[in-house]
Amino acid sequence: MQQPYEPVKAPGVDRTARVLVVDDDPTVSEVVAGYLDRAGYLVDRADDGPTALVRAEEHRPDLVVLDLMLPGMDGLEVCRLLRDEGPVPVIMLTARGDEEDRVLGLEVGADDYVTKPFSPRELVLRVESVLRRSRPDPAARSLRAAGVAVDPTARRATRDGVELSLTLREFDLLSFFLRHPGRAFSRQDLMREVWGWDFGDLSTVTVHVRRLRGKVEDDPARPLLIQTVWGVGYRFEPGGE
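The structure contained in this document is the topic of the report that follows. Keep in mind it's a predicted model, so treat the numbers as computed, not measured.

Residue Lys116 is joined to Pro117 through a cis peptide bond whose omega torsion reads -5 degrees. Phi at Arg155 is positive, roughly 50 degrees, even though this residue is not glycine. Along the chain, Arg155 falls in the loop between β7 (148-151) and β8 (156-159). Arg155 sits in the partly exposed class, given a relative accessible area of 24%. One non-glycine residue, Asp160, adopts positive backbone phi at about 55 degrees. In this fold, Asp160 is placed in the loop between β8 and β9 (162-163).

Here it is in structure tokens:
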């Protein structure tokens with residue numbers, strides 16, 4: 001007989017966090033909610049976009065697990081509307097092989113994605129990883145370069161004094177670049193250091209770099225701060241040269 005799933009109590013994970021699970025497949029929704037509930041999270045469920053927005057308004061979630069393919073209002077629109085109300089980490093559920101849809105999900109602000117069919121245990125670990133990185137680090141120091149400033153404690157970033165609207169991963173990526181000016185990193189390096197993954201779809205990094213450039217560069221098509229190092233990856237150049 002298979003033993004019931006007993007989640008590992010990973011350090012730094014807030015087990016009182018509220019997670020909203022949005023999926024129109026009742027089996028998927030029930031399994032995901034069950035695993036998250038056993039892991040100690042507070043779980044809300046919705047089977048369509050409008051209901052998800054109502055649930056989020058009633059109880060603001062700390063994280064949303066969001067199916068991309070929803071009836072009526074798809075996951076992309078739900079993600080946009082949720083983020084219009086304020087920053088919230090989003091993990092997208094996508095069909096295997098739909099790379100274009102996954103990229104679109106990242107473009108509208110999803111922080112992570114999991115492809116169907118997936119292991120519920122893997123999803124719980126992804127939830128833990130995203131929530132852990134979303135918590136402010138009281139010991140982290142503020143960073144500043146080239147008019148860009150990051151306050152890790154407040155999870156706040158500005159450019160020339162104007163606050164930037166960044167997703168969780170964009171904030172972490174910018175903070176990492178500011179901590180390591182002038183050093184080139186491959187996409188594999190960034191995935192490991194910023195996402196905490198040793199493997200995964202490297203297009204995730206590419207999309208986040210492109211989104212971040214759109215928010216910190218004067219001309220994202222000709223980036224001066226986050227530069228491409230051909231054959232290697234990316235480098236943050238505070239001198240903009």
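The biggest cluster of nonpolar side chains holds 28 residues, and the ones touching the most others in it are Leu173, Leu174, Phe177, Leu178, Leu190, Leu212 and Ile226. Those elements that place two or more of their residues in this core are β6 (143-145), β7, α6 (168-179), α7 (187-195), α8 (203-216) and β12 (233-236). Looking at this core element by element, the count peaks at six residues for α6. Beyond its immediate chain neighbours, meaning those up to four positions away, Leu212 contacts Leu166, Glu170, Leu173, Leu174, Phe177 and Ile226. Ranked by size, the runner-up nonpolar core spans 22 residues in total, among them Leu20, Val22, Val78 and Leu106.

Glancing now at the sheet that holds β12. Spatially, β10-β12-β11 is the arrangement adopted by the three strands of the open sheet, whose pairing is antiparallel. Unpaired on one side and paired on the other, β10 (184-186) and β11 (226-229) mark the two borders of the sheet. For this sheet, the mean inter-axis angle between neighbouring strands, taken without regard to orientation, is 35 degrees. The strands touched by α7 are β10 and β12; relative to β10, the strand with the most contacts, the crossing angle is about 85 degrees. Most of the contacts of α8 go to β11, to which it runs at about 140 degrees, and overall it touches β11 and β12.

Turning our attention to the packing of α6 against α8. Two quantities define a packed helix pair, namely the angle between the helix axes and the distance between the axes. The N-to-C vectors of α6 and α8 enclose an angle of 75 degrees; their axes lie 10 Å apart at closest approach. With respect to their mutual orientation, α6 and α8 come out roughly perpendicular. Between α6 and α8, the contacting residues are Arg169, Glu170, Leu173, Leu174 and Phe177 on the first element and His208, Val209, Arg211, Leu212, Lys215 and Val216 on the second. Residue classes in the contact of α6 with α8 are distributed as six nonpolar, one polar and four charged.

Counting across every chain of the model gives 15 salt bridges. Asp172 is the partner of Arg155 in a salt bridge, and the nearest nitrogen-oxygen pair spans 3.2 Å. Of the two residues, Arg155 is situated in the loop between β7 and β8 and Asp172 in helix α6; the sequence distance between them amounts to 17 residues. The partner of Glu163 in a salt bridge is Arg156, with the nearest N and O atoms 3.2 Å apart. What you see here is one network of salt bridges that share partners, running through Asp23, Asp67 and Lys116.

Reading the values: rules and limits
Along each chain, residues carry numbers from 1 onward, in the same order as the chain's sequence is written. Residue-level local features of this predicted model are given only where pLDDT is at least 70; pairs of side-chain atoms are given and counted only at 80 or more, and the full residue set underlies all totals for whole chains, interfaces and linings. Remark: hydrogens and water are excluded; side-chain values derive from all non-hydrogen atoms of the structure. By the criteria applied, helices consist of DSSP H or I runs no shorter than four residues and strands consist of E runs no shorter than two, each listed in order from the N terminus. Any residue under 20% of the maximum accessible area for its type is buried, any over 50% is exposed, and the rest in between are partly exposed; the area is computed with a 1.4 Å probe on protein chains only. The criterion is simple. A nonpolar core is a set of buried Ala, Val, Leu, Ile, Met, Phe, Trp, Tyr and Cys residues joined through side-chain atoms within 4.5 Å. The contact criterion used throughout is that any non-hydrogen atoms of two residues lie within 4.5 Å. One bridge is not enough; two strands pair if DSSP finds at least two bridges between them. Working convention: axes come from line fits to C-alpha atoms, limited for helices to the stretch in contact. Angles between N-to-C directions cover 0 to 180 degrees. Just so you know how the angles are binned, under 35 degrees is roughly parallel, over 145 roughly antiparallel, 65 to 115 roughly perpendicular, and the rest oblique. Side-chain classes are defined by residue name, with Ala, Val, Leu, Ile, Met, Phe, Trp, Tyr, Cys and Pro counting as nonpolar, Asp, Glu, Lys and Arg as charged, and the others, Gly among them, as polar. Salt bridges, as used here, are contacts in which a Lys or Arg side-chain nitrogen is within 4 Å of a carboxyl oxygen on Asp or Glu.

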